[in-house]
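Letter by letter, the chains look like this.
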Amino acid sequence: MAEGRLNNSMKNLLSGYASRGFSIILGLVVRSIFIRTLGNDYLSINGLYSNILGMLSLAEMGFGVAMVYSMYKPLQENDTMKLASLTDLYKRVYRVIGFVVLGIGLAVIPFMDYIIKDPPAINHLTVYYLMFLLDIVLSYWFFAYRRSIFSADQKEYLNTNTTNIFNFIKSGAQIVLLIAFHNFFIYLATQLLCTVLANIVIAHRANKLYPALSIKHPKRLAKEELRVIKDNVKALMLSRISFVILNSTDNIIISAFVGVSWVGLLSNFTMIVENVVSVISQFTSAITASLGNYFLSESKEDGYRLFKRVEFIGMWAYGICAVALWTLLNPFVTIWLGSDYNLADKIIFALALNFFVQGFMSTLWTFRSTLGLFKQGWFRPLVVAGLNVFFSILLGIHWGTFGVLIATFFARALVNLWYDPWVIHKHGFDKSVKGYYLRSLLRALELVSIGVVMTLIRYGIMNHGVTILNFILLFVITGCVCLAMFWLYTHKMDEYHYFMTLIKERIPGLVKARFKK
């Protein structure tokens with residue numbers, strides 16, 4: 001059983017990484033052509049509307065996470081009727097959510113003049129907004145709920161493969177259509193069509209692999225089972241509110257208090273950051289269902305050993321990438337788009353810091369969700385969300401874009417960074433959290449030392465300007481220095497040896513097996 005869980009997790013991981021790199025390159029090409037054909041004004045509107053619609057995803061309220069957690073046991077026990085009942089509930093709730101999102105989205109339209117400071121001279125802004133709204137609504141209505149069964153059954157790679165295929169099709173079509181027509185409406189229509197088609201294909205595959213999903217009118221869940229799901233959703237609701245407010249309000253506040261043109265400039269950097277997040281998050285996505293099944297069958301001591309390993313690799317992966325972003329973002333954008341699209345170093349620092357904290361907290365959240373720790377600390381998300389909005393507006397007025405971004409870090413640091421680990425240790429593993437705090441502080445200091453070294457190296461290499469040659473040199477040095485210092489700080493640790501053994505023993509065999517197919 002453990003061997004099967006590991007193999008599925010590795011398949012999920014390798015499948016995600018195998019296609020993600022190409023998708024990132026395509027995304028950069030699409031963004032380059034977008035800027036050259038439509039300009040920064042359309043880019044700003046694109047980023048702003050994406051964030052507004054991200055806020056509307058609050059209507060989902062964490063229901064999807066609760067449903068995936070509920071599916072672990074019936075999948076493990078091959079309880080097809082229970083699985084059919086859960087999926088039927090999921091479908092009915094998502095249809096309602098779709099209508100709620102549609103209603104709230106339409107209600108936002110009269111307030112657009114307050115959200116967009118110094119609006120660009122673009123016609124049909126409302127039509128474009130409705131296109132964004134339709135994209136998210138159709139996701140709820142057209143089979144998005146079927147994706148969850150692959151996640152719960154340790155087959156996230158099936159979702160990943162299908163999504164990446166349609167992202168490739170979408171990107172290719174958008175490149176051609178942007179060059180041919182220079183039309184934002186056609187660009188959005190292509191995005192909308194590919195979203196619907198991807199969900200239809202995933203739903204068809206789910207029906208073939210899980211015949212229980214095709215059962216007509218399955219038995220409704222018992223009241224006690226519904227109560228457990230409702231309790232989990234209530235607890236997750238506040239976490240969902242916090243997550244959305246922390247990650248989807250920055251562009252809205254920047255647009256309203258600083259200026260919508262800043263949204264476009266910032267979006268080039270956030271796109272790169274989000275691509276890096278998507279690469280690293282393949283790891284947590286790949287192992288999430290395996291963790292859920294692991295905690296159902298193994299002891300707490302074994303579970304805590306696994307937690308330390310995943311937490312170790314999560315902190316270092318996000319930490320090293322944060323240092324790389326701090327070092328390379330502005331030079332990369334200079335080569336990609338030109339120095340006119342650069343941002344101040346303090347803004348890059350805030351982006352890298354938020355990337356690290358958000359990424360590492362997502363690793364901890366994976367454990368909270370798979371351990372079922374939804375109710376503990378139910379008040380925390382409201383506090384974090386309130387602090388974020390307060391600090392963002394206050395610091396945004398005084399410090400502009402940097403103030404809005406650094407406010408997100410302050411909100412998380414005051415609550416999440418210490419509270420979530422305490423919940424996992426106390427309620428998940430019955431352990432003291434003191435050792436974790438000390439380890440985290442030491443690792444943070446180690447990452448700071450790497451960042452200082454890379455800052456000095458960057459100033460030395462880029463002192464006379466940015467060129468492709470010295471960027472490549474800086475890129476290589478960044479990788480070598482970060483990995484060398486990572487080895488220096490960790491090579492004597494048990495967690496380091498565990499992952500090195502895993503890489504040497506498992507990955508070559510899985511790669512060979514995949515190519516044989």
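The model shown is predicted, which means the values in this text are computed figures rather than measured ones.

J.: I'm lost on the overall build of the chain in this one. Help?
T.: Regarding its fold elements, the chain presents 20 helices and zero strands. The 517 residues of the chain split such that 55% are buried. Once local pairs closer than 6 in sequence are excluded, the contacts in the chain between residues at least 24 apart make up 84%.

J.: I keep staring at helix 2 (residues 40-56) and nothing clicks. Help me out?
T.: Three- or four-residue spacings in an α-helix give side chains the same orientation, since the helix completes a turn every 3.6 residues. Helix length check: helix 2, at 17 residues, gives a terminal C-alpha distance of 25 Å against a target of 24 Å (1.5 Å per residue), a fit within 8%. Taking burial as the measure, the 17 residues of helix 2 include 14 buried ones, the bulk of the element.

J.: Is there a simple way to think about the nonpolar core in this case?
T.: Of all hydrophobic cores here, the largest spans 141 residues; its most connected members are Leu48, Tyr49, Ile52 and Phe184. The element contributing the most residues to this core is helix 13 (residues 300-336), with 17 residues. The residues touching Ile52, leaving out its near neighbours within four places in the chain, are Val108, Met112, Ile115, Tyr129 and Ile252.

J.: It is not clear to me how the packing of aromatic side chains should be interpreted in this structure. Could you clarify?
T.: How two aromatic rings sit relative to each other is set out by the distance from centre to centre and by the angle between their planes. Under the defined criterion, the tally for this structure stands at 35 aromatic pairs. Ring centres of Tyr128 and Phe184 lie 4.8 Å apart, and the angle between their planes is 70 degrees; this geometry places the pair in the edge-to-face category. Linking Tyr128 in helix 6 (residues 125-141) with Phe184 in helix 9 (residues 184-209), this pair joins segments that are 56 residues apart in sequence. Overall, Tyr128 belongs to the buried group, its relative accessible area being 8%.

J.: When you look at the state of the cysteines in this model, what are you seeing that I'm missing?
T.: What makes a disulfide is a covalent bond joining the sulfur atoms belonging to two cysteines. By the definition in use, this model includes zero disulfides. Not part of a disulfide, Cys480 finds its nearest cysteine sulfur in Cys482, a span of 9.6 Å.

Here is what the cut-offs are and how they apply
Residues numbered from 1 in each chain as written. Predicted model: local features only at pLDDT ≥ 70, side-chain atom pairs only at ≥ 80, totals over all residues. Heavy atoms only, no water. Helix = DSSP H or I, 4+ residues; strand = E, 2+ residues; numbered from the N terminus. Buried < 20%, exposed > 50% of the residue type's maximum accessible area, 1.4 Å probe, protein only. Contact = heavy atoms within 4.5 Å. Expected span 1.5 Å × (residues − 1). Core = buried A, V, L, I, M, F, W, Y, C linked by side-chain atoms within 4.5 Å. Phe/Tyr/Trp six-rings, centres within 6.5 Å; stacked < 30°, edge-to-face > 60°. Disulfide = S-S within 2.5 Å.

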